Amino acid sequence: MTTYEDILVEQRDATLVITIDRPEAGNKFRQQTCLELFAALQSFRLDPSLRVAVLTGSGDKFFCIGGEHDPMTALDQSQVLPIIDVYQAIDTIPKPIIAAVNGFAVGGGQVLQTVCDLSIAAESAVFRQVGPMVGSFDAGYGSWYLEDTIGRKRAKEMWFLNSKYSAAQALEMGLVNEVVPAEHLLDRALEVAALIATRSPLAIGALKAAFSARHNGVSGQARMAHDQQLTLYLATQEAHELSTSFSERREPDPGRFWS
């Protein structure tokens, strides 16, 4: 099996466990992480011995807290994080992918668990969208699929208010399917995966295609919003001030960009 730098990959019977392994960085995805996740997902798709994948984060604090980038270099297209490729792969691969949310799922990490077919969360998991606080946004998968999952008003609430939601709240909202004690998270995800692996692969694949068909346009919208609009926005003073003030734990200076 391929050795990666940013992720860990392990086969458990008919299930592939993919772990983002950057706990010191909150399991943020950088360009290398995205490329490795995409490669692992494509290998999963093509391997007939694998029926289900489980996606999780390393450690017990972070599932994934989003993307790692330098806002002031974002105009360089080579710096665009290829995370849309990962979202699209998760959405279109005709095999189920389960998010085992072991900690904070924030920003792009929250989008990552949303696009997975099922989500099982540890009791300690926390869910949050922070884009407007830190000078970022997701106007594709992170909005369309979130609306499908929890409803229009709740989705706008998550994006506009940037509140934190506990695992229990996420379950009540329909953001996740199940909540379990942290020490049982991976075992439960593997148990669910093993059950799904007994189902018809053709039927499962057809159902995944049916669920995503109504949003065939989301990939184009997501690429336009992420690769073009967001890339330009990340290089603005507004994005820079929001990102910097958030990192420095201070209130942003609205006079610099809200005039």
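A brief look at the structure comes next. Counting from 1, residues in each chain are numbered in the order their sequence is written. In keeping with the model being predicted, local features are shown solely for residues with a pLDDT of at least 70 and side-chain atom pairs are shown and tallied solely at 80 or more, while totals for entire chains, interfaces and linings include all residues. Computation of side-chain values covers all heavy atoms of the structure but excludes hydrogens and water.

**Considerations on the side chain of R22**
Under the scheme used here, helices are H or I runs from DSSP no shorter than 4 residues and strands are E runs no shorter than 2 residues, and both carry numbers assigned from the N terminus. Here R22 shows up in the loop between β2 (15-20) and α1 (31-46). The class of R22 is buried, set by a relative accessible area of 7%. Throughout this description, a polar contact denotes any pair of N or O atoms lying within 3.5 Å of each other; where both atoms belong to protein, one of them has to be capable of donating a hydrogen while the other can accept it, and for residues adjacent in sequence the pair is counted only when both atoms sit in side chains. A polar contact of 2.9 Å, which involves the side chain of R22, links it to the backbone oxygen of K28. Here, two residues are considered to be in contact whenever any of their heavy atoms come within 4.5 Å of each other. Ignoring any residue separated from it by four or fewer positions in sequence, one finds R22 in contact with D6, N27, K28, R30, T33 and E68. Throughout this description, buried means an accessible area under 20% of the type-specific maximum (1.4 Å probe, protein chains only), exposed means over 50%, and partly exposed covers the range between.

**Quick notes on the packing of aromatic side chains**
Pairing of aromatic rings covers Phe, Tyr and the six-membered ring of Trp, with a centre-to-centre limit of 6.5 Å; geometry is then stacked below 30 degrees between planes, edge-to-face above 60, and tilted otherwise. One pass over the structure, following the stated rule, counts four aromatic pairs. Relative to F104, the ring of F62 has its centre 6.3 Å away and its plane inclined at 45 degrees; by these criteria the two rings are tilted. Within this pair, whereas F62 is found in strand β4 (residues 62-64), its partner F104 is found in strand β6 (residues 104-106), the two being separated by 42 residues in sequence. For F62, a relative accessible area of 19% corresponds to the buried category. Judged by relative accessible area, F104 falls into the partly exposed class, the value being 26%.

**Re the pairing of strand β3 (residues 52-57)**
Most of β3 sits out of view: six of its six residues are buried. Pairing between two strands is assigned when DSSP locates at least 2 bridges connecting them. As paired strands, β2 and β3 are joined by six bridges and run parallel to one another. If you follow V17 over to β3, its bridge partner there is V54. If you view a crossover with the strands going away from you and the path from the first strand over the helix to the second runs clockwise, you call it right-handed. As for the winding sense of the linkage, the β-α-β connection from β2 through α1 to β3 is right-handed.

**Side note on the environment of L81**
Summarising the element assignment, L81 is placed in the loop between β4 and α2 (83-92). Residue L81 is classed as buried on the basis of its relative accessible area, which comes to 9%. With 29 residues separating them along the chain, L81 and Q110 place their C-alpha atoms 16 Å apart. Those residues in contact with L81 that lie beyond four places of it in its chain are F29, R30, Q31, C34, G67, E68 and H226.

**Let's talk about the nonpolar core**
By nonpolar core we mean a set of buried residues, namely Ala, Val, Leu, Ile, Met, Phe, Trp, Tyr and Cys, connected to one another through side-chain atoms within 4.5 Å. L55, Y87, I90, F127 and Y141 are the most contacted members of the largest nonpolar core, which has 50 residues in total. Excluding residues that lie within four positions of it along the chain, Y141 makes contacts with I84, Y87, Q88, D91, V111, V115, L146, V218, S219 and A222. Residues V17, I120, A122 and A197 belong to the second largest nonpolar core, which totals 15 residues.

**With respect to the packing of helix α5 (residues 141-150) against helix α10 (residues 218-234)**
Two packed helices can be described by the angle between their axes and the distance between those axes. Every axis in this analysis is a line fitted to C-alpha atoms, fitted for helices over the stretch in contact. Angles between the N-to-C directions lie between 0 and 180 degrees. Taken N-terminus to C-terminus, the directions of α5 and α10 make an angle of 140 degrees; their axes are 9 Å apart at the nearest point. As judged from the angle between their axes, α5 and α10 are oblique. Here α5 contributes Y141, W144 and Y145 to the contact with α10, which in turn contributes V218, S219, Q221 and A222. The labels follow the angle: roughly parallel below 35 degrees, roughly antiparallel above 145, roughly perpendicular from 65 to 115, and oblique for the rest.

**Comments concerning the sheet that holds strand β1 (residues 7-12)**
What the six strands build is an open sheet, ordered β1-β2-β3-β5-β7-β10; its pairing is mixed. Edge positions in the open sheet fall to β1 and β10 (178-180), since each of these has one partner strand only. Taken over all neighbouring pairs, the strand axes of this sheet differ in orientation by 20 degrees on average, direction set aside.

**Here's the deal with the pattern of salt bridges**
Salt bridges are identified by distance alone: a Lys or Arg side-chain nitrogen within 4 Å of an Asp or Glu carboxyl oxygen. Summed over all chains, the structure comprises twelve salt bridges. Of the charged contacts, one joins R30 and E5 as a salt bridge, the two residues approaching to 3.0 Å between their closest N and O atoms. In this pair, R30 is assigned in the loop between β2 and α1 and E5 in the segment before β1, connecting sequence segments 25 residues apart. On the accessibility criterion, E5 (54% relative accessible area) is exposed. For K208, the salt bridge goes to D117, with nearest N and O atoms at 3.0 Å. One end of the pair, K208, is in helix α9 (residues 201-213); the other, D117, is in the loop between α3 (108-115) and β7 (118-122), and 91 residues separate them in sequence. When its relative accessible area of 9% is taken as the criterion, K208 is described as buried. By relative accessible area, which is 32% here, D117 ends up partly exposed. Each of E5, D6 and R30 takes part in one network of salt bridges that share partners.

**Overview of the sheet that holds β4**
Hydrogen bonds between backbone groups are what pair the strands of a sheet, and the pairing can be parallel or antiparallel. Strand order in the open sheet formed by four strands is β4-β6-β8-β9, and the pairing between neighbours is mixed. Edge positions in the open sheet fall to β4 and β9 (165-166), since each of these has one partner strand only. Alignment of β4 against β6, held across two bridges, turns out to be parallel. Its bridge partner lying in β6, C64 is registered against A105. Running at roughly 100 degrees to β6, α3 makes contact with β4, β6 and β8 (126-128) of the sheet.

In short, geometric facts, not functional conclusions.
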